[in-house]
Each structure stands twice: as structure tokens, then as C-alpha cells.
Amino acid sequence: MISSAEVGVVARNLADAGSGLRWSGEGLRELAGRLGWEWADGSDGRVRLVTALPGGDAALVPVEARARPWARSQEYLELVVPVSRPAAEVHAQVEEFRRVADALRQELGNATYIGGNGRNSPTGQRLAPSWGRPFLRWRRGATSLELRAGGAGPELVLQASAVWESWYQKGGDGYVGVLQGAGLELDHPRPEYAGEWDELALGGFLQMLPAEVRATGLAQSMPLYGCSIGDGPLLFAIDCRDGRLLIGYTEAGVAEAARGERAAALGWTPIEETLPSDHPLRPQFGCTPWLIDAGGPGGVDGAVTDVIVRTARAAGVASASGLRIGGEAEHVVIEGTTGHTRYHIGFPGLRMRTC
């Protein structure tokens, strides 16, 4: 297993060597030489770089037809460097990603972009794991270094900054946070908002959220409002930090069909039975009388989304367009080894409006 110190060295060398990189075969041969890696032409026509890292050989991803609008003058889209290969089970994958992420933050400082649940490039992510798609991205001028979850373990990915940023602003998905104070503007794409309940993308988001939160350290606190009910009362409070997903329901200002015993019948548990009064997360839920402990990484039951939808409809929300994300969710603070880090988050992948 590669040590955290060695991970930092590899990341620093990649980031530094990528300065002024030409995305041609010649330019990448020069990069391989500077890193001390061996260029090898594979039998399948793909190029790999022999790195001697525990994760295995690095791979060069050529620019395919669907990525051509974003990388017009490039021969290669990205360089993917597997870092390590932990056990395949979710806990091991998540904890290894977090270890590598912390090592990179120590070496490179705060990531410029952070997020998950979506694609990571114009061609989509190769071998994306089923447990989540977290990423952290350090922008260093014309070239960016990304840490993403690969099929077998964490990967370092070198890519042209403009390619990813231009693609994301026009058609990216998932959720992406931009480091505040970095002096960068990243317009989040406006999605095609859900009109019918089955068009919401909330299910996949919630199922992957605990693993992605634990892997990156980016806690999520997201209120959902019923904006087609009167003045738009707060209905749900989604809180996920350190890998545990809790969802509260307020039942204030909603139709009789979603209150009291009817709320229990819809799938909610009294908060006293879920969180003791001295639990540190109790303040997050204010006067929420009902709560669901939805589980941790790899263990979220997809039925929790059905509970939210059934409850919203019973509460009087007429359509999916009436269930909206509170603007408070767009501002996140990470408390870590580098102090308080603020990100501005966009959620285009959820297909939900913000209020």
C-alpha cells in the first residue's frame, strides 16, 4: 500500500510536470520522461505508462468523437493514474479514497472544485464504482489534477482545465462545489427540471451521498421546501456528514393527510426514537418531530426516496416541480486540517429548482 507521504509526492510531481503540457503523443512522452515512467504501446492500440505504483499502470485516454467539441486541438483527453487497489468492499474503497484525499489536501492545499454523483469528463467516467463518484479537483492554470474514484480504487487524473470547465458549464451533472475565494467563476448548467415525480434524480443522489460525503469530507445539509403549499413550508431536512444520512420531516403547515399518525404510516419514526436528546446532530433538525436514519456508505435503502415522494404528495405538493432545494444548501463549510473551507455548491444533477 502506498503511504500518504508517497501519495503527496506523486500528486505534486504530476501537478508540476503538467505545467505547460501539450496533449499530443510527443508532449506526453516528454511528461513520462520527466516522471521517470516508461511509455508502452499496448496490444489493443492504447498507450499505457509503467509507473511502478501499487495501483498499476497509468493510461492515456484519447479524444474520442463525443469529446472533440471540448478538446478540439488535443490528441489525448486525460492521463489516468491509479493510486492503489484497496479491497473491493465499499468501506475499504471509501476509507482509502478519504486517506488519499487528506494526503492531497496536505500537499496541494484545498481543492478548487469538489463534488460527486455525476460524470467527470465529456466522455463519462470509465469504470465508475457503484458506491459513488466523488472527486476533488485542483486547478493549476491550464492543467488540473483530479482525484476521482475509479473502478478498483482512487485515481489521479491530469486534464486540461478548460476542457472540463467548458464541458461542465454546458452539460455537466451531479453536484459541484467551487472554492470560495479562489477567484474563479464556474456557471452551473441549468438542467431540464423535473415535472413528474418519476423524473426526479433524488434517489441516486441519496443512495450515493453517505459514501461520497465520507470520501471527500464535504458534509451536506439540504432543506427541501414544498413551494406549491402556501408560503412554501420546510418539509424535509437532509443531513449527511461523516458518512451517515439522516432525513427529517417537519409536518408543519401541511395537509392533514401527512400529520401525526399518518406521518408514521408514511414511514417516519419519532425523532426521540432515532436520536437521543444529547446527540450532537439534534440541533441540525430543530423542531423536526420525525426522522429516518437512512444508513451509511453502500447501505442506503432506495425506498427512502419513495417515502419522501409519498409524504410530499400527501402534504399537498402538487408536482415534482414544487419540491425545491433551499438556497442554504448552496453554501458549505468543511472543517478539516486546513481550517474552515467554504464552497459554493450547484446541484444540476438533481433536476430540482432552488428557492
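A.B. asks: Sorry if this is basic, but what is going on with helix α8 (residues 303-315) here?
C.D. replies: Side chains of residues three or four places apart in an α-helix project in the same direction, reflecting 3.6 residues per turn. With 13 residues, α8 extends 18 Å between its outermost C-alpha atoms, agreeing within 8% with the 18 Å of an ideal straight helix rising 1.5 Å per residue. Inspection of α8 places Val304, Thr305, Val307, Ile308, Val309, Thr311, Ala312, Ala314 and Ala315 among the buried residues, and these make up the whole buried set. A positive phi of about 115° marks Gly316, the residue just after α8.

A.B. asks: Just to check I follow, could you spell out the layout of surface pockets for this structure?
C.D. replies: Summary: where empty space remains is shown by rolling a probe the size of a single water molecule over the atoms. By volume, the largest pocket amounts to about 340 Å³. Around the largest pocket, the lining comprises 23 residues; the ones closest to its centre are Ser221, Met222, Pro223, Ala237 and Gln284. At the level of secondary structure, the elements contributing two or more residues to the lining of the largest pocket comprise β10 (220-226), β11 (234-241) and β16 (331-336). Considering each element in turn, the lining of the largest pocket owes the most residues, five residues, to β11.

A.B. asks: Teacher, can you tell me more about the pairing of strand β6 (residues 135-140) here?
C.D. replies: In summary, the side chains of a regular strand alternate between the two faces of the sheet. In terms of strand pairing, strand β5 (residues 113-116) meets β6 through three bridges, oriented antiparallel. Paired with Ile114 across the strands is Leu136, a residue of β6. The pairing of β6 with strand β7 (residues 143-149) spans six bridges and is antiparallel. Within β7, the residue paired with Arg140 across the bridge is Thr143.

A.B. asks: Would you take a moment to explain the sheet that holds β11 for this structure?
C.D. replies: Two orientations exist for strands paired in a sheet by backbone hydrogen bonds: parallel and antiparallel. The sheet built from six strands is open, its strands ordered β13-β14-β12-β11-β10-β15 with antiparallel pairing. A single partner strand is all that each edge strand has here, and the edge strands are β13 (269-270) and β15 (323-325). Where β11 lies against strand β12 (residues 244-249), six bridges are found, and the strand directions are antiparallel. Bridging from a neighbouring strand, Ile238 pairs with Ile247 of β12. On top of the sheet, helix α5 (residues 202-216) reaches β10, β11, β12 and β14 (290-295); it is set at about 35° to β11, its chief contact.

A.B. asks: I'm lost on empty space enclosed by the protein in this one. Help?
C.D. replies: Under the definition given, this model contains two cavities of 30 Å³ or more. Computed from the structure, the largest cavity encloses a volume of approximately 60 Å³. Along the walls of the largest cavity sit 13 residues, with Gly118, Arg119, Phe135, Asp173 and Val176 positioned nearest its centre. At the level of elements, α4 (161-171) and β9 (175-179) are the ones that each hand at least two residues to the lining of the largest cavity. In the lining of the largest cavity, the residues fall into six nonpolar, four polar and three charged. Roughly 30 Å³ of internal volume is contained in the second largest cavity. Looking at the second largest cavity, the residues that line it are Tyr193, Ala194, Ala320, Ser321, Leu323, Arg351, Met352 and Arg353.

The rules we used
- Once a new chain begins, its residue numbering starts again from 1 and follows that chain's sequence as written.
- For a predicted model such as this one, the threshold for reporting local features is a pLDDT of at least 70, and the threshold for listing and counting side-chain atom pairs is 80 or more; totals across whole chains, interfaces and linings nevertheless cover every residue.
- To get the side-chain values, all heavy atoms of the structure are used, and hydrogens and water are removed first.
- Working definition: helices are DSSP H or I runs of at least four residues, strands are E runs of at least two. Numbering for both runs from the N terminus.
- What a helix should span is 1.5 Å times the count of its residues minus one.
- Only protein chains enter the accessibility calculation, which uses a 1.4 Å probe; a residue is then buried when its area is under 20% of its type maximum, exposed when over 50%, and partly exposed in between.
- The method works on a 1 Å grid over the protein atoms by themselves. A cavity is a set of points holding a 1.4 Å probe that cannot get out, a pocket is an open set with protein on both sides within 12 Å along at least five of seven lines, and residues with an atom within 4 Å of a point line them.
- Grid points are joined across faces, edges and corners, and a volume is the space filled by probe spheres set on the points.
- A strand pair is defined by DSSP finding two or more bridges across the two strands.
- Any pair of residues with heavy atoms lying within 4.5 Å of one another is described as a contacting pair.
- The axes are straight lines fitted to the C-alpha atoms, using for helices just the contacting stretch, and the angles between their N-to-C directions are given from 0 to 180°.
- Ten residues, namely Ala, Val, Leu, Ile, Met, Phe, Trp, Tyr, Cys and Pro, are considered nonpolar, four, namely Asp, Glu, Lys and Arg, are considered charged, and the remaining ones, Gly among them, are considered polar.

Everything listed here is a matter of coordinates, which is why it stays silent on function.
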